[in-house]
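Examination of the molecular architecture
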Amino acid sequence: MNQKNIDYIIELSNELRWQIGDDFHDNLTESIYADAANIVKDTVQVDNSKKRFRLDSKIDKIVTSKTFGFPIMFLILGLVLWLTIVGANYPSSLLASLLLDNMHPILKSGAASIGTPWWLDGFLIDGVYLAVAWVIAVMLPPMAIFFPMFTLLEDFGYLPRVAFNLDSLFKKSGAHGKQALTMSMGFGCNAAGVVATRIIDSPRERLIAIITNNFSLCNGRWPTQILIATIFIGAVVPGSYSSIVSLLAVIGVAVLGMGFMFGVSWALSKTLLKGEVSTFNLELPPYRPPRFWKTIYTSLIDRTAIVLWRAIVFAAPAGAVIWLISNIYVGNESIAEWTINSLDSFGFLLGLNGVILLAYIVAIPANEIVIPTILMLTVLVTGIDSGAGAGVMFELDSMNATGDILRAGGWTLLTAINLMLFSLLHNPCSTTIYTIYKETKSTKWTVFASIMPVILGFIVTFLVAQVWRIIF
Amino acid sequence: MNNYNPISALLIFFVFVVLLFIFFRPVKGWFWILRKHFKNNEKTIIEDVLKQLYHFEYSSNKVDMKTLVQVLDYKNASIVEAINKMTINNLIYFESDILKLSEAGRDYALRIVRVHRLWERYLAEKTGFSKTEWHDRAEMMEHKLSHDETNTLAARLGNPKFDPHGDPIPTKTGKMADVIGVELPLLPINTIGRITHIEDEPEIIYKQILAENIHIGSLLRVVENNSTRIVFQSEGEEFKLAPIVAANLTVAAIEKEVVIEDNIARLSSLNENEMARIIGISKESRGESRRRLLDLGFVKGAKISIDMMNPLGEPHAYLIKGTSIALRKDQAAKILIKKSYEYKS
């Protein structure tokens, strides 16, 4: 074929394409779909589906009804959270007494008996081992309770109905109804919540869900909130109300987190993300009896084990760093003291202090070790007689004793409130950051999702602190 | 440090926030204005002049310097300078005081128009920007894309003939399809026609058309046409427009005795317990959303009914091919159905 012929054919094809017009491709696709549908209708026989469908639509009528839809939803989600937080206490304290109270001294004395130098056993046992043990003790039980329950609901088919009920709320902030699910998942663990955004198939809404998942108070932060609220906020009111007031304070922080989630979602969809493709559809699968054991198994392996493993991987070096900064001296101050002193004035401006800021820096790998780190550092800088030595994290059994240490560190009610706010609004833990990177494959969005909440946290705590100081 | 004044700290903070806002607020922020100002180089002005002249020529209007200076948003001196340069380069010439495009100038103008409309098409198909932003973004892009980039873009979009508003896209060689139809106010009562073009300028009127949920490609029947308002029925709904708004719609009257199905409606108007068949998906549903709908079985001839009403009003769940799929109102408005009068048992 010579060049002239080829040119002629190309010219002809262009001409024909022009004549066929724009709609041709669309019409072709649509008729293929329609033909396929016809073939299915002729060949596939459906039987017995009617009876099952009746039951389905009866359940649907109830769970999406105006009267019962929302109460049922809050009841179920509340129950799941309550079971997680309360139910996790017992296995957590069991693990803590095993790993922290018993294993730790055994390891120490074992190391001493074979003559390990103090810095090596401090680094390995007080630093690395303690951080890992802490993360396991605090993190494993709630996850092992929360994820299976959540997966069972998912498997049963209830969760898509929640997304269905709530979609118009989320639509107002430019998000997808399924974000309700990833947000609830975030109450268990933000890293798992970020993975769960895979169910959102629209690129813009998925990014929104990933970036705002951190505003769900995760399992690692619930205990901090509850502890601080009980010690400081519950103490403001008469004893008989204290437990209810501190509970309300914690719920308030969680609700505030949802508020930030909606607000930031809205802002993102109107500014940075407005160019991303946005689609919507939500399939409501038929209900089916959950496959109980399979669900338990997969949720333990797929969610709990993976997240726990990532957390351990990140917690080990964090433990090492905590021990090192408290035990390496530059001049006659340890690195920790030096950093705390230089962060103190900035911390004061935010209604916090240097200890808290340093604790949040070294505890980026896991929110679970924030309180033990704060206690250890407070003892370190105040020099009061408590705790287990420089670089050894600890927690106290009695809330009063914990409160005494914190007050000795200069804590006021403002510090407590701002700590609760900052615990809600700060960078995601490193496991979550890593997961965000894995899911978005984008450095830009990972950096944004990590920095944006801290800046929000600074702004909010700053404002609260100034207003507080003006009023009181 | 610990005895600073919280009031002054707050003040400093708010001044800082206000400054940030003044500099970086969308569109009107000083930062964006300055950036735009520095980018208005000669090339941009020349291209904008050419484009304006082309649009005047296309609508068979004559234009002199005065009109041109009025429609363009540049300093008069820079426009005069650009015009001088263009006359020297034989892009334009004067016939007494009327400005005319030379052959070379028209080619150049068509290239700019081509990029503009292709980019609007790209924004519609491949991104999530809202309709109101398409025009401004295309205005910026038309000065940026090179010839080769434009051709690659056109090929990626499948060499489309029309932009999302129904304006024809010139080909590489400058060929252009015709827009069939006349302005809506020119149609007599009871004419049946199809909307072939929705003008996106000026923005105020375009926003009104968008707010009315008028879709390109839909069939309509003129019900009332006088100097105060124009009323037409389309897809089971009635629209009332002021003539100035209606003039931005181009409608091709359907001459042949086509049987128009009277009970075409939008899926959004389906009630509980009603059954319907899908007629098609409106042209307004584009790109990824359209493909999703097709994937899920929203194809011509499929039976559809409401499965679940939402407690908050939207989205409703529709039962299609034995599956329950929830769609939001704006999506359902883009699916055309024919209601059948059998009721769901």
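Residues numbered from 1 in each chain as written. Chains lettered and ligands numbered in written order. Predicted model: local features only at pLDDT ≥ 70, side-chain atom pairs only at ≥ 80, totals over all residues. Heavy atoms only, no water.

**Examining the overall build of chain B**
- The helix and strand inventory of chain B stands at 12 helices and 14 strands.
- When its C-alpha atoms are laid out on the principal axes, chain B stretches across 80 × 75 × 45 Å.
- Each of the 345 residues in chain B was classed as buried or not, and the buried ones make up 45%.
- A sequence separation of at least 24 residues applies to 63% of the contacts in chain B between residues at least 6 apart.
- Within the structure as shown, chain B displays about 18,300 Å² of accessible surface, and the carbon and sulfur contribution to it stands at 56%.
- Across chain B, the 47 positively charged side chains and the 45 negatively charged ones have centroids separated by 4 Å. (Helix = DSSP H or I, 4+ residues; strand = E, 2+ residues; numbered from the N terminus. Buried < 20%, exposed > 50% of the residue type's maximum accessible area, 1.4 Å probe, protein only. Contact = heavy atoms within 4.5 Å. Areas by Shrake-Rupley, 256 points an atom, 1.4 Å probe, with all protein chains shown as cover. Lys, Arg positive; Asp, Glu negative; His and termini not counted. Charge placed at Lys NZ, Arg CZ, Asp CG, Glu CD.)

**Digging into the environment of Ala137(A)**
All names here are of chain A.
- You can see Ala-137 is positioned in helix H5 (residues 118–156).
- Classification of Ala-137 by relative accessible area gives buried; the value is 2%.
- Taking C-alpha positions, Ala-137 is 33 Å from Ala-163, a pair spaced 26 residues apart along the chain.
- Those residues in contact with Ala-137 that lie beyond four places of it in its chain are Ser-92, Leu-95 and Ala-96.

**Some words on the environment of Glu439(A)**
All names here are of chain A.
- Mapped onto the elements of the fold, Glu-439 is located in helix H18 (residues 430–440).
- Under the relative-accessibility criterion, Glu-439 is labelled buried at 14%.
- Residues Glu-439 and Arg-198, spaced 241 residues apart in sequence, show a C-alpha to C-alpha distance of 8.3 Å.
- Excluding residues that lie within four positions of it along the chain, Glu-439 makes contacts with Val-194, Val-195, Arg-198, Arg-206 and Ile-210.
- Engagement of the side chain of Glu-439 in a polar contact is seen with the side chain of Arg-206, the distance being 2.7 Å. (Polar contact = N/O pair within 3.5 Å; in protein donor to acceptor, adjacent residues only side chain to side chain.)

**Quick word on the pattern of salt bridges**
- A complete count under the given rule lists 29 salt bridges over all chains for this structure.
- Across the pair Arg198(A) and Glu439(A) runs a salt bridge whose closest N-O atoms are separated by 2.7 Å. A residue pair is termed long-range when its members are at least 10 positions apart, and Arg198(A) in the loop between helix H8 (190–196) and helix H9 (203–212) and Glu439(A) in helix H18 qualify at 241 residues.
- Put simply, Glu284(B) and Lys131(B) hold a salt bridge, and the shortest N to O gap is 2.5 Å. Within this pair, whereas Glu284(B) is found in the loop between strand S10 (274–281) and helix H11 (287–295), its partner Lys131(B) is found in helix H7 (residues 131–141), the two being separated by 153 residues in sequence.
- With relative accessibility at 22%, the residue Lys131(B) sits in the partly exposed group.
- Each of the salt bridges in this network shares a partner with another, and the network as a whole consists of Asp201(A), Glu288(B), Arg291(B) and Arg292(B). (Salt bridge = Lys/Arg side-chain N within 4 Å of Asp/Glu carboxyl O.)

**Concerning the domain arrangement of chain B**
All names here are of chain B.
- What the domain assignment lists for chain B is domain 1 (6–38), domain 2 (40–101), domain 3 (182–253) and domain 4 (264–343).
- Look at where the C-alpha atoms of domain 3 and domain 4 centre, and you get two points 25 Å apart.
- Listed as interface residues are nine residues of domain 3 and, on the opposing side, 10 residues of domain 4.
- It is His-215, Ile-216 and Glu-235 in domain 3 that bury the most area against domain 4; as a group they hold 67% of the surface buried on that side. (Domains from an automatic or database assignment. Buried area = accessible area lost by both parts, 1.4 Å probe.)

**Details of the interface of chain A and chain B**
- Facing the 51 residues of chain A at the interface are 58 residues of chain B.
- Run the count over chain A and chain B and you get four salt bridges.
- Counting every contact that joins chain A to chain B gives 12 residue pairs in polar contact (both at pLDDT 80 or more).
- For the side of chain A that touches chain B, the secondary structure elements donating two or more residues are helix H1 (3–20), helix H2 (23–43), helix H3 (49–63), helix H6 (159–172), strand S1 (282–284), helix H13 (335–349) and helix H19 (443–471) of chain A.
- When S1(A) meets strand S13 (residues 323–327) of chain B, the two strands line up antiparallel, connected through three bridges. Bridge pairing in S13(B) places Leu284(A) opposite Ser324(B). (Pairing = 2+ DSSP bridges.)

**Some words on the nonpolar core**
- If you look at the biggest cluster of nonpolar residues, it comprises 126 residues, and the most contacted ones within it are Ile228(A), Ile374(A) and Leu377(A).
- Per element, the largest residue contribution to this core is 16 residues, and it comes from H5(A).
- Structurally, this core is a two-domain feature, drawing no fewer than three residues from each of domain 1 (6–38) and domain 4 (264–343) of chain B.
- Contact partners of Ile374(A), with chain neighbours within four places excluded, come to Val355(A), Ile356(A), Ala359(A), Leu406(A), Trp411(A) and Leu419(A).
- Core analysis: the next-biggest nonpolar cluster, separate from the first, contains 24 residues, Ile45(B), Leu72(B), Met86(B) and Leu110(B) among them. (Core = buried A, V, L, I, M, F, W, Y, C linked by side-chain atoms within 4.5 Å.)

**A look at the state of the cysteines**
All names here are of chain A.
- Taken as a whole and assessed by the stated rule, the structure comprises zero disulfides over all chains.
- Unpaired in terms of disulfides, Cys-189 finds its nearest cysteine sulfur in Cys-218, a separation of 6.4 Å.
- We note that Cys-218 lacks a disulfide partner, and the nearest cysteine sulfur, in Cys-429, lies 6.3 Å from it.
- Owing to a relative accessible area of 9%, Cys-218 belongs among the buried residues under this scheme. (Disulfide = S-S within 2.5 Å.)

**Points about the sheet that holds strand S8 (residues 249–253) of chain B**
All names here are of chain B.
- Pairing within the open sheet is antiparallel, and its six strands lie in the order S3-S8-S4-S5-S6-S7. Of all strands in the sheet, those bounded by a partner on one side alone are strand S3 (182–183) and strand S7 (237–241).
- By the bridge criterion, four bridges tie strand S5 (residues 219–225) to strand S6 (residues 230–234) in an arrangement that is antiparallel. The partner of Arg-221 across the bridge, within S6, is Gln-233.

**Some remarks on unusual backbone geometry**
Residue and element names in this part refer to chain B.
- Residue Pro-315 follows Glu-314 across a cis peptide bond; omega there is -5°.
- Along the chain, the position of Pro-315 falls in the loop between strand S11 (303–308) and strand S12 (316–320).
- The phi torsion at Asn-159 lies on the positive side, around 40°, for a residue other than glycine.
- For Asn-159, the position within the fold is in the loop between helix H8 (147–156) and S3.
- Take Asn-159: its relative accessible area is 35%, and that puts it in the partly exposed class.
- At Lys-321, a position not held by glycine, the phi torsion is positive, near 50°.
- In this fold, Lys-321 is placed in the loop between S12 and S13.

**Focus on the environment of Phe292(A)**
- Along the chain, Phe292(A) falls in helix H12 (residues 292–327).
- Separated by 232 residues in the primary sequence, Phe292(A) and Asp60(A) place their C-alpha atoms 22 Å from one another.

**Structural notes on H5(A)**
Residue and element names in this part refer to chain A.
- The end-to-end C-alpha distance of H5 is 54 Å, a good match for the 57 Å that 39 residues give at a rise of 1.5 Å each.
- At Leu-130, H5 is deflected by roughly 30°, the largest bend along its length.
- Directly beyond the C-terminal end of H5, a positive phi value near 105° is found at Gly-157. (Expected span 1.5 Å × (residues − 1). Bend = angle between axes of the 7 residues up to and from the residue.)

**Comments concerning the pairing of strand S4 (residues 192–198) of chain B**
All names here are of chain B.
- With five of its seven residues buried, S4 lies for the most part within the structure.
- Pairing analysis gives three bridges linking S4 to S5, with the strands arranged antiparallel. Within S5, the residue paired with Arg-194 across the bridge is Leu-219.
- Across five bridges, the pairing between S4 and S8 is antiparallel. When the sheet's bridge partners are listed, Gly-193 is paired in S8 with Ala-253.

**Points about a nonpolar patch on the surface**
Residue and element names in this part refer to chain B.
- A grouping of Val-15, Phe-16, Val-17, Leu-19, Leu-20, Phe-23, Phe-24, Trp-30, Phe-31, Trp-32 and Ile-33 is seen on the molecular surface, where their side chains present a nonpolar patch of about 1,000 Å² in accessible area.
- Within the residue set of the nonpolar patch, elements represented by two or more residues are helix H1 (6–24) and helix H2 (30–39).
- A total of seven residues in the nonpolar patch trace back to one element, the largest contributor, which is H1.
- Within the secondary structure, Trp-30 is located in helix H2. (Patch = residues over 30% accessible without salt bridge, like charges linked within 9 Å, V, L, I, M, F, W, Y side chains within 5 Å.)

**Looking at the packing of helix H14 (residues 354–362) of chain A against helix H15 (residues 370–382) of chain A**
All names here are of chain A.
- Viewed as axis vectors pointing N to C, H14 and H15 meet at an angle of 135°, and their least axial separation amounts to 9 Å. In terms of their interaxial angle, H14 and H15 are classed as oblique. Relative to H15, H14 is oriented so that their crossing is right-handed. In this structure, H14 uses Val-355, Ile-356, Leu-358, Ala-359, Tyr-360 and Val-362 to contact H15, whose residues at the interface are Val-370, Thr-373, Ile-374, Leu-377, Thr-378 and Val-381. (Axes fitted to C-alpha atoms, helices over the stretch in contact; angles between N-to-C directions. Parallel < 35°, antiparallel > 145°, perpendicular 65-115°, else oblique. Left-handed = near helix turned anticlockwise from the far one by under 90°.)

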